[in-house]
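# Inside the fold
What follows is the residue order along each chain.
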Amino acid sequence: MSLRPILRYGDRGLHGTAADVTTFDDTLQRLIDDMIETMYAAPGVGLAATQVGVPLRVFVIDLSVGRNASELIVMVNPSFVSREGTQLEEEGCLSAPGFNATVVRPRHAVVKGLDRHGDEQTIEGHDLLARAFQHEMDHLDGVVFIDRLRGIKRDMIVRKIQKLKKTGKW
Ligand SMILES: [Zn+2]
């Protein structure tokens, strides 16, 4: 296993749409192991393959950040079965360190997809897990939480990032 560099807002790879996984080979297993290790090291509660520059529909989530093995979720080729309600909470992203904003997300979400071996799985998420599902699903379509913001708040974050980039700090 090894840590992979996490792309940041503005990096091309982060803003493209990922493709379905078609082969469950060693390369995929290595990718998933690396993503889990990278997520824990950050530390973060979720990571999508697009964030490490791999355009495949894979994400990992662990709300316990490695403290409870049963909370680790590995999702391949996910899709929403249902999304209900709304929640408004502050959110951040490993691809936009130092920035947080309130984002509208579903309160409940059911996601189905495949596990790391290609077997079907359906997982129901409430509150933080529903939020994490939507956040990671967005990544697979090239959408970062900043893109979900409107108006002044979004402009302010984007301007700050551009400034950091110019000075080589991003
Ligand atoms: Zn993110």
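Everything below is about the structure shown above.
Below or above, wherever it landed, is the structure these notes cover. (Residues numbered from 1 in each chain as written. Predicted model: local features only at pLDDT ≥ 70, side-chain atom pairs only at ≥ 80, totals over all residues. Heavy atoms only, no water.)

## Structural notes on the overall build of the chain
To be explicit about the condition: Strands here mean DSSP runs of E at least two residues long; helices mean DSSP runs of H or I at least four residues long; both are numbered from the N terminus. Here the globule rule is a power law, 2.2 Å times the number of residues to the power 0.38, and the radius of gyration is based on C-alpha atoms. Under the scheme applied here, a residue whose accessible area is under 20% of the maximum for its type counts as buried, over 50% as exposed, and between as partly exposed, the area being computed with a 1.4 Å probe on protein chains only. A contact between two residues is defined here by any heavy atoms of the two lying within 4.5 Å. What sets the accessible areas is the Shrake-Rupley method with a 1.4 Å probe; for residues, cover comes only from the shown protein chains. In this tally, Lys and Arg are treated as positive and Asp and Glu as negative; His is ignored, and so are the chain termini. Note on charges: their place is set at NZ of Lys, CZ of Arg, CG of Asp or CD of Glu.
Across its full length, the chain carries 3 helices and 7 strands. Of the regular secondary structure in the chain, the N- to C-terminal order runs α-β-β-β-β-β-β-β-α-α. By the compact-globule yardstick of 15 Å for 170 residues, the chain fits well, its C-alpha radius of gyration being 15 Å. Evaluated residue by residue, the chain yields a buried proportion of 45% over its 170 residues. When contacts within the chain are restricted to residue pairs at least 6 apart in sequence, long-range pairs at least 24 apart make up 63% of them. Carbon and sulfur atoms provide 50% of the accessible area of the chain, an area that totals close to 8900 Å². Counting 22 positive and 23 negative side-chain charges, the chain places the centres of these two groups 12 Å from one another.

## Brief notes about the coordination of the zinc ion
Put simply, the rule is: Donor atoms: N, O and S within 2.8 Å of the metal, or within 3.2 Å for Na, K and Ca. Because water is excluded, sites can look incomplete.
Ligation of the zinc ion by protein atoms is provided by Cys-93 (SG), His-135 (NE2) and His-139 (NE2), these donors lying 2.0 to 2.2 Å from the ion. Coordination of the zinc ion draws on donor residues from a single chain, spaced C-x41-H-x3-H in sequence. Of this pair, Cys-93 sits in the loop between strand E4 (87–91) and strand E5 (101–105) while His-135 sits in helix H2 (residues 128–140), and the two are 42 residues apart along the sequence. Here Cys-93 and His-135 have matching classes, each one buried.

## A word on the pairing of strand E6 (residues 108–114)
Under the convention used in this document: A pair of strands is considered paired only if DSSP assigns at least 2 bridges between the two.
Extensive coverage of E6 is indicated by the burial of 5 of its 7 residues. Note: strand E3 (residues 73–84) against E6, 6 bridges, orientation antiparallel. Residue Phe-80 lies in a different strand from E6, and its bridge partner there is Val-111. Bridge analysis of E6 against strand E7 (residues 120–126) gives 7 bridges, and the strand direction is antiparallel. The residue of E7 that forms the bridge with Leu-114 is Glu-120. Connecting the antiparallel pair E6 and E7 is a turn made up of 5 residues, with Gly-118 showing a positive phi of about 95°.

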